[in-house]
Amino acid sequence: MTNENPQDTPLTIDGTTYHSRLLVGTGKYASWEQAREAIETSGAEMVTMAVRRTNLGQNPDEPSLLDIVSPEQYTLLPNTAGCYNARDAVRTCKLARELLDGHNLVKLEVLGDEKTLYPDVTETLKAAEQLIDDGFRVMVYTNDDPLIALRLERMGCVAVMPLGAPIGSGLGIQNRYNIRTIVENASVPVLVDAGVGTASDASVAMELGCDGVLMNTAIAEAREPVRMARAMGKAIEAGRDAYLAGRMPKKAYASASSPLDGTFFQ
Amino acid sequence: MTNENPQDTPLTIDGTTYHSRLLVGTGKYASWEQAREAIETSGAEMVTMAVRRTNLGQNPDEPSLLDIVSPEQYTLLPNTAGCYNARDAVRTCKLARELLDGHNLVKLEVLGDEKTLYPDVTETLKAAEQLIDDGFRVMVYTNDDPLIALRLERMGCVAVMPLGAPIGSGLGIQNRYNIRTIVENASVPVLVDAGVGTASDASVAMELGCDGVLMNTAIAEAREPVRMARAMGKAIEAGRDAYLAGRMPKKAYASASSPLDGTFFQ
Amino acid sequence: MTNENPQDTPLTIDGTTYHSRLLVGTGKYASWEQAREAIETSGAEMVTMAVRRTNLGQNPDEPSLLDIVSPEQYTLLPNTAGCYNARDAVRTCKLARELLDGHNLVKLEVLGDEKTLYPDVTETLKAAEQLIDDGFRVMVYTNDDPLIALRLERMGCVAVMPLGAPIGSGLGIQNRYNIRTIVENASVPVLVDAGVGTASDASVAMELGCDGVLMNTAIAEAREPVRMARAMGKAIEAGRDAYLAGRMPKKAYASASSPLDGTFFQ
Amino acid sequence: MTNENPQDTPLTIDGTTYHSRLLVGTGKYASWEQAREAIETSGAEMVTMAVRRTNLGQNPDEPSLLDIVSPEQYTLLPNTAGCYNARDAVRTCKLARELLDGHNLVKLEVLGDEKTLYPDVTETLKAAEQLIDDGFRVMVYTNDDPLIALRLERMGCVAVMPLGAPIGSGLGIQNRYNIRTIVENASVPVLVDAGVGTASDASVAMELGCDGVLMNTAIAEAREPVRMARAMGKAIEAGRDAYLAGRMPKKAYASASSPLDGTFFQ
Amino acid sequence: MKIELNGENTEVSDGASIQALVDQLELTGRRIAVEVNEEIVPRSEHDSHQLSPGDRVEVVHAIGGG
Amino acid sequence: MKIELNGENTEVSDGASIQALVDQLELTGRRIAVEVNEEIVPRSEHDSHQLSPGDRVEVVHAIGGG
Amino acid sequence: MKIELNGENTEVSDGASIQALVDQLELTGRRIAVEVNEEIVPRSEHDSHQLSPGDRVEVVHAIGGG
Amino acid sequence: MKIELNGENTEVSDGASIQALVDQLELTGRRIAVEVNEEIVPRSEHDSHQLSPGDRVEVVHAIGGG
């Protein structure tokens, strides 16, 4: 007995359930309007944001991110982008929590260098520990070392987010072996964060068994961001379904799709 | 000014318009019911079929393909699978036309060897010429040589269908360079026929600019064919949208998604 | 009992034995001197040449190719580069035979288009037949379709030379599956002709089981052609040895190289 | 003015110069004789060894590693394979130094897990610091995170040895981007340690700019280890030369190797 | 009389029409195509087309294929 | 008195509350967070928390980021 | 008389042999091949083969190629 | 007296030197290293270093490894 419309268990992060496995950033868009449309079209329910100094003396009527992406409609995920040590990252998270009325889910990233934007693993471990002690729920950006990912999970991070390739590079997943190993080991959600360049890259991440993908540049810097946002939403669903469906085995030789018996010619 | 829901021009083959760019086969399924559900779930509007001798003396009430996949609901694409010379292929097409009340759109494949199921290019050219002379509208299975594809188009084939990898191998697109070149040269629809193994393979074909993909084994031999059918339907749409959206450029180095000015830390 | 210095059977083409499995072209060099040094350093024993009109009125003392690459030292392989039909190719081969005092080994290439420099398969088949009838020994440039390669072998070509990627592209071997299949089917030498860009590309061709590789641009357009020539000579030997040695199986998981017993720590 | 036989500056590690850029392990061989022949044939000048408890009561005349691979002929590189914490690794290095009469060059590897044999980065950093303080010259096995590699270099390690893929997997270099970035950043030798499966993998590592490659399983578990040892020696030289020679640029389209002017046909 | 039907020798009544053969095979009304001696016989002629001894008849239908 | 506001020296009236500062900046009712000398001051305390000379005050808001 | 030599109209003395042409071109002793009206003329016949008015003569040599 | 040698309880004569132990193990002249209670004992001290009851002694050598 087959099933016309096989269901998937939704993604659950820190007790909250999400129907979309695509998480998107809010940076690099040409306009707030474009950002709003792209995010809405992507179907994402979680969006990342950054915390920066208020531009004093700016036109007070200019809309701010939270007017465009309302916390009522989306789960906002404050990030610590730009932080190069644990202290700045923790301080950023505390400001974000105050800004969002106590919302304590954060995306931790402690960078190590501007050329690669790779995480500083030791500072990341330090910051994660302090944040967890302070009651934060930490989704953590990390490299694709399976052991670091496991360690962050054991510390209490609610999701591990290995990079597929450097942030903003669009190179696609460089090391499928590592991503698969991280997934095999993990008991919290694994999301590929960074590196996706086009739809098939997102599908590949999901086919490796990831629980979701977080991206920003691939959508915002496409020639048509709104159309790419739609592409990414579908690519995530396609890759997830393909993973659950169990792909055919690869074969070294061909195999006919039409029966050979019953041919009327010799 | 952005566009909430950017449209695509639908696929047109021989004057008929199709909303789905996924074409599916009807072979290798565990049951008619599974085939019916998978095809319906895939969203495909064109399905391939084969022509074989009627099993005489079989239970006359047993359903046949056309009861499951009705010519009213789908565009049936008779193939010449199993033919190793032009004569058998032409004969098969004529029987198919009679079977389908004059329907003259066919998928021509003249095979050259059982190990690779690669086309016999010279017999394929010969059969294409005879079929076109006889009024058939020919969608032709070919290797990925850009010059052969161009020649088949110039002979009057209504679509060229290069293989991505051997039929039934699921190896994915082996030579992206050739597929892209075929697309660049073509003024008729280019569909990847054969070689797709999972969703991302289908997206890659579309991202290369193909107009569609034809597959059978990747769906029928997945652990859950109906779910994989759904995955493929989405993957084709995702890849098409990504192609039209224009992917971000790949970068050798990282590029931050969050602004660096306005940081409150040094 | 192991063998300090395992031998390989040398490459035999049309009854002649060659110790080097690298064949090189003589085009695109900055100077005759550079060409001479690169060819000598590469260790190649077969070199290709083209036939063109004598520049009348040129300085009669200017050296010509055959002064640099003497037929006494090298096996010269005249090519039909630039020919787009069988007639021109056959005519070129006859002129080459006269030029080389009856030497009848030729490299046949009949091109189909200037953008890809892919072979015109049907004209190639036609030319090969005429040349073989006329007593030529034909090494033939072809696409990577395993069936075309087999057909050319059966016609009597003494070597089949599938492209790895377009001539002069340096993209490396695009379709390893096809090259391996051609090798599995062949009973004459298979040489990858065109597409190699760097040393590892040449090794890959040999690891797939090819009997040799023919290249020109990868050496002549390297920043240091003589050094690249040396690299290619070694890469061919390395790849051949690796093929004969039988590589280790790939493993999904790690496997320690040092024993675990006898550790003095727990 | 070209150069018949362009030279390379030899590899220098901790002040010692080596003519071979291939380092080999001594584990997993079928016999001491096979190990001796493979190592000699590879041309390697540095070989790794492990330290384990003497098998008491064994036949005292049975040869030991140092009889086969004499410290007079080779630079022995004791490793800390099997150590899962800094303390065991440091203890192993001290025993090795005593064993080798004060020789203080060691290969540090502190593993984190038996499935991947990935390094435990934090224990590796700890052990490296202690060893350097104690006067050891440390060549360090690490993951391919460019920032960790840089940090180990800055601590005073004399060479950084990122993995190309898991130890003993033979999967080849998984993340070329990271290896290249490590090379770009480094001012000490970078050697790929682990992951090479066949000759072209070794060439790729060198073409990325690595100073050398360390391998064991790829040779010892080949069907013919001695032949594969020879292949690897050549592949390292080929890849190094190709890197220094500067490969031709990749081109999206073909480019003829024979001139088009002077053709006698139209 | 004897004809060859889908490769098998088969007995049909002398001068039987294709339609008669189809009925005899209990294929009446099924979607099939008929070829006699490698020439298609259109459905419209199944009644009128009489078979001759030794005719090579193929009766085919659509099946699943890729 | 002088304070340091988002890195700039700024003049505010002696003993001004954070709320007074926010109003002065025309940020009343905007989604912001305030830190004084690297300690968060919860919104609930903006009225009661008086600034002192030399306080380092940060006023931040949410912006787009990846 | 006029012949076409490598695509160019050229004047040679009436009834000149191929060898005479080769000498006139200062190609004596060079490795070349000669085709007259698309037929190879073997080196051994260069002395004896007389050219006729309007002959299409090709003189080719080996150059570098891939 | 009893010592622990490479993890095994072993009987050696009271006050035996490391060299005596090495000789007893027929390892004289072999390339080995000796650790007593996790401290290296240099070869130069093997004669002079007397073992005590309960000492944990490790005798190690080089083996093949990657």
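Here we summarise the structure given alongside this text. It should be emphasised that the depicted structure is a prediction, and the values quoted were computed from it without experimental measurement.

Basis of the calculations
- Chains are numbered independently. Their residues run from 1 in the order of the written sequence.
- Key to labels: chains lettered from A, ligands numbered from 1, both in the order written.
- With pLDDT at 70 or above as the cut-off, local features in this predicted model cover only qualifying residues; side-chain atom pairs require 80 or more to be listed or tallied, and sums for whole chains, interfaces and linings still use all residues.
- By convention in this description, side-chain values take in all heavy atoms of the structure and omit both hydrogens and water.
- For the purposes of this entry, the term helix denotes a DSSP run of H or I that reaches at least four residues, the term strand denotes a run of E that reaches at least two, and both are numbered from the N terminus.
- Atoms counted for the radius of gyration: C-alpha only. Globule rule: 2.2 Å times residue count to the power 0.38.
- When a residue's accessible area, from a 1.4 Å probe over protein chains only, is under 20% of the maximum for its type it is buried; when over 50% it is exposed; and in between it is partly exposed.
- A contact between two residues is defined here by any heavy atoms of the two lying within 4.5 Å.
- Only the protein chains shown count as covering a residue, and every accessible area follows the Shrake-Rupley method with a 1.4 Å probe.
- Buried area is understood as the total, over both parts, of accessible area removed when two parts are fitted together, assessed with a 1.4 Å probe.
- Here, a salt bridge means any Lys or Arg side-chain nitrogen found within 4 Å of an Asp or Glu carboxyl oxygen.
- Residues below a pLDDT of 70 in either copy are left out; the C-alpha atoms of the rest, at least 70 in both, set the least-squares superposition of the copies.
- In protein, a polar contact requires one atom able to donate a hydrogen and another able to accept it; more generally it is a pair of N or O atoms within 3.5 Å, and residues adjacent in sequence count only if both atoms are side-chain atoms.
- Residues enter patches when they are more than 30% accessible in relative terms and free of salt bridges; like-charged ones are connected within 9 Å and nonpolar ones (Val, Leu, Ile, Met, Phe, Trp, Tyr) within 5 Å.
- Asp and Glu are treated as the negative residues and Lys and Arg as the positive ones, with His and the ends of the chain left uncounted.
- Lysine's charge is taken at NZ, arginine's at CZ, aspartate's at CG and glutamate's at CD.
- At least two bridges found by DSSP between two strands are what make those strands a pair.
- Note on handedness: a crossover is taken as right-handed if, strands pointing away from the viewer, the path from the first strand over the helix to the second is clockwise.
- Only C-alpha atoms enter the line fits that serve as axes; for helices the fit covers just the stretch in contact. Angles between N-to-C directions range over 0 to 180 degrees.
- Geometric relationships in this document are graded by angle, where less than 35 degrees denotes roughly parallel, more than 145 denotes roughly antiparallel, 65 to 115 denotes roughly perpendicular, and other angles denote oblique.
- Note on convention: near helix rotated counterclockwise from far helix by under a right angle means a left-handed crossing. Clockwise means right-handed.
- Under the scheme applied here, ten amino acids are nonpolar (Ala, Val, Leu, Ile, Met, Phe, Trp, Tyr, Cys and Pro), four are charged (Asp, Glu, Lys and Arg), and all others, including Gly, are polar.

**Remarks on the overall build of chain E**
Helix and strand content of chain E: one helix and five strands. When the helices and strands of chain E are placed in sequence order, the string is β-β-α-β-β-β. A compact globule built from 66 residues would reach a C-alpha radius of gyration of about 11 Å, and chain E, at 11 Å, matches this within 12%. With the C-alpha coordinates of chain E rotated into their principal frame, the extents come out at 40 × 25 × 20 Å. Taken across its 66 residues, chain E has 48% of its residues classed as buried. A separation of at least 24 residues holds for 52% of the contacts in chain E among residues at least 6 apart in sequence. Accessible surface, chain E as shown: approximately 3200 Å² in total, 43% of it carbon and sulfur.

**Considerations on the overall build of chain A**
When helices and strands are counted, chain A shows nine helices and 10 strands. On C-alpha atoms alone, chain A measures out to a radius of gyration of 20 Å, which is about the 18 Å that the 2.2 N^0.38 rule sets for 266 residues. Principal axes of the C-alpha set define a box for chain A whose edges measure 85 × 40 × 40 Å. For chain A, the residues scored as buried account for 68% of the 266 residues in total. Across chain A, every contact between residues at least 6 apart in sequence was considered, and the portion connecting residues at least 24 apart equals 66%.

**Comments concerning the interface of chain A and chain D**
At the junction of the two partners, chain A supplies 26 residues and chain D supplies 26 residues. Summing both sides of the interface, chain A and chain D together bury roughly 2000 Å²; the carbon and sulfur share of this comes to 53%. In terms of surface lost to chain D, no three residues of chain A exceed Tyr 118, Leu 147 and Tyr 177 of chain A, which account for 27% of the buried area on that side. Linking chain A with chain D are three salt bridges.

**Some words on the relation of the copies chain A and chain B**
Expressed as a screw transformation, the operator carrying chain A onto chain B has a rotation angle of 180° and an axial translation of 0.0 Å, and the superposed copies differ by an RMSD of 0.0 Å. Interpreted geometrically, this transformation is the action of a two-fold axis. Looking at the rotation axis and the C-alpha trace of chain A, the residue lying nearest is Ser 200 of chain A, at 2.5 Å. With an isologous cut-off of 70% or more, the 99% of interface residues of chain A that recur at the interface of chain B puts this contact in the isologous class.

**Remarks on the interface of chain A and chain B**
Taken together, the contact pairs 85 residues of chain A with 85 residues of chain B. By the criterion of area lost to chain B, the three top residues of chain A are Arg 227, Met 248 and Phe 264 of chain A, representing 11% of everything that side buries. Across the salt bridge formed by Lys 234 of chain B and Glu 237 of chain A, the nearest N and O atoms sit 3.2 Å from each other. The interface formed by chain A and chain B holds 41 residue pairs in polar contact (both at pLDDT 80 or more) in total. Where the side of chain A that touches chain B is concerned, the elements lending two or more residues are helix 1 (32-42), strand 4 (46-53), helix 3 (86-99), helix 7 (199-207), helix 8 (217-220) and helix 9 (225-245) of chain A.

**Some words on the pattern of salt bridges**
The tally for this structure, following the rule as stated, stands at 109 salt bridges over all chains. One network of salt bridges, with partners in common, ties together Arg 87, Asp 88 and Arg 91 of chain A together with Glu 35, Glu 38 and Arg 56 of chain F.

**Structural notes on a positive patch on the surface**
A contiguous patch of positive charge on the surface is contributed by Arg 176, Arg 180, Arg 247 and Lys 250 of chain C together with Arg 176, Arg 180, Arg 247 and Lys 250 of chain D. Elements with a contribution of two residues or more to the positive patch: helix 6 (176-185) of chain C together with helix 6 (176-185) of chain D. Tracing the backbone through its elements, the reader meets Arg 247 of chain D in the segment after helix 9 (225-245). For Arg 247 of chain D, a relative accessible area of 30% corresponds to the partly exposed category.

**Points about the pairing of strand 8 (residues 159-162) of chain D**
All names here are of chain D. Neither face of strand 8 is open: one carries Ala 159 and Met 161, the other Val 160 and Pro 162, and all of them are buried. Bridge count between strand 7 (residues 137-142) and strand 8: four bridges; the pairing is parallel. By the bridge assignment for strand 8, Val 140 is matched with Val 160. Of the crossover connections in this fold, the one passing from strand 7 over helix 5 (residues 146-155) to the parallel strand 8 is right-handed.

**Here we look at the relation of the copies chain A and chain D**
When chain A is fitted to chain D, the residual RMSD is 0.0 Å, and the transformation amounts to a turn of 180° plus an axial shift of 0.0 Å. Counting the interface residues of chain A, we find that 100% of their copies in chain D are interface residues as well, pointing to one common contact surface.

**Observations regarding the arrangement of the chains**
The least C-alpha distance between chain D and chain E, which are not in contact, is 33 Å. Spatially, chain A is disjoint from chain G: no contact exists, and the shortest C-alpha separation is 33 Å.

**Brief notes about the sheet that holds strand 8 (residues 159-162) of chain A**
All names here are of chain A. An order of 6-7-8 is seen for the three strands of this open sheet, with the pairing classed as parallel. Either end of the sheet is taken by a strand with one partner, and the two such strands are strand 6 (105-108) and strand 8. The mean inter-strand angle of the sheet, taken between neighbouring strand axes irrespective of direction, is 20°.

**Considerations on the environment of Glu 38 of chain H**
Looking at where Glu 38 of chain H falls in the secondary structure, it is placed in the loop between strand 3 (33-36) and strand 4 (39-41). Owing to a relative accessible area of 30%, Glu 38 of chain H belongs among the partly exposed residues under this scheme. Apart from residues no more than four positions distant in its own chain, Glu 38 of chain H is found in contact with Arg 87 and Arg 91 of chain D together with Arg 56 of chain H.

**Some points on helix 1 (residues 32-42) of chain C**
All names here are of chain C. What helix 1 keeps buried is the set Gln 34, Ala 35, Glu 37, Ala 38, Ile 39, Thr 41 and Ser 42. Buried residues belonging to helix 1 abut strand 3 (22-24), strand 4 (46-53), helix 8 (217-220) and helix 9 (225-245). At the exit of helix 1 stands Gly 43, carrying a positive phi of roughly 80°.

**Quick word on the packing of helix 1 (residues 32-42) of chain B against helix 9 (residues 225-245) of chain B**
Residues and elements named next belong to chain B. For the pair helix 1 and helix 9, the least separation of the axes is 7 Å and the interaxial angle reads 20°. Relative to helix 9, the element helix 1 lies roughly parallel. In this structure, helix 1 meets helix 9 at a crossing whose hand is right-handed. Along the contact surface, helix 1 presents Gln 34, Glu 37, Ala 38, Thr 41 and Ser 42, while helix 9 presents Pro 225, Val 226, Ala 229, Arg 230 and Gly 233. Grouping the constituent residues of the contact of helix 1 with helix 9 by class yields four nonpolar, four polar and two charged.

**Overview of the packing of helix 4 (residues 121-133) of chain C against helix 5 (residues 146-155) of chain C**
Residues and elements named next belong to chain C. Relative to each other, helix 4 and helix 5 sit at 15°, their axes nearing to 10 Å. Taken together, the axes of helix 4 and helix 5 lie roughly parallel to each other. Regarding helix 4 and helix 5, the two cross each other, and that crossing is right-handed. When helix 4 is examined against helix 5, the residues Val 121, Thr 124, Leu 125, Ala 128, Glu 129 and Ile 132 are found in contact with a partner set consisting of Ile 148, Arg 151, Leu 152 and Met 155. Class assignment for the residues of the contact of helix 4 with helix 5 results in seven nonpolar, one polar and two charged.

**Some thoughts on the pairing of strand 5 (residues 56-64) of chain H**
Counting buried residues along strand 5 of chain H, eight of its nine residues qualify, which places the element largely inside the surrounding structure. In the sheet, strand 4 (residues 46-53) of chain D pairs with strand 5 of chain H via five bridges, with the strands oriented antiparallel. Directly across from Arg 52 of chain D, in strand 5 of chain H, lies its bridge partner His 61 of chain H. As judged from the two bridges shared by strand 1 (residues 2-5) of chain H and strand 5 of chain H, these two strands associate in the parallel manner. Its bridge partner lying in strand 5 of chain H, Glu 4 of chain H is registered against Arg 56 of chain H. Of the pairings in the sheet, the one linking strand 3 of chain H to strand 5 of chain H comprises four bridges and is antiparallel in character.

**Quick word on unusual backbone geometry**
With the exception of glycine, most residues fall at negative phi, and the peptide bonds are largely trans. Positioned with a positive phi, Asn 37 of chain F is a non-glycine residue whose angle comes to about 50°. Positionally, Asn 37 of chain F belongs in the loop between strand 3 (33-36) and strand 4 (39-40). With phi around 45°, Asn 6 of chain G is a residue other than glycine that occupies positive phi space. Locating Asn 6 of chain G in the fold gives a position in the loop between strand 1 (2-5) and strand 2 (8-11).

**What about the side chain of Asp 193 of chain C?**
Residues and elements named next belong to chain C. In this fold, Asp 193 is placed in strand 9 (residues 191-193). Classification of Asp 193 as buried rests on a relative accessible area of 5%. A distance of 2.9 Å separates a polar atom in the side chain of Asp 193 from a polar atom in the side chain of Lys 107. If near-sequence neighbours (up to four positions away) are discounted, Asp 193 is found in contact with Lys 107, Tyr 141, Met 161, Pro 162, Leu 163, Gly 164 and Leu 214.

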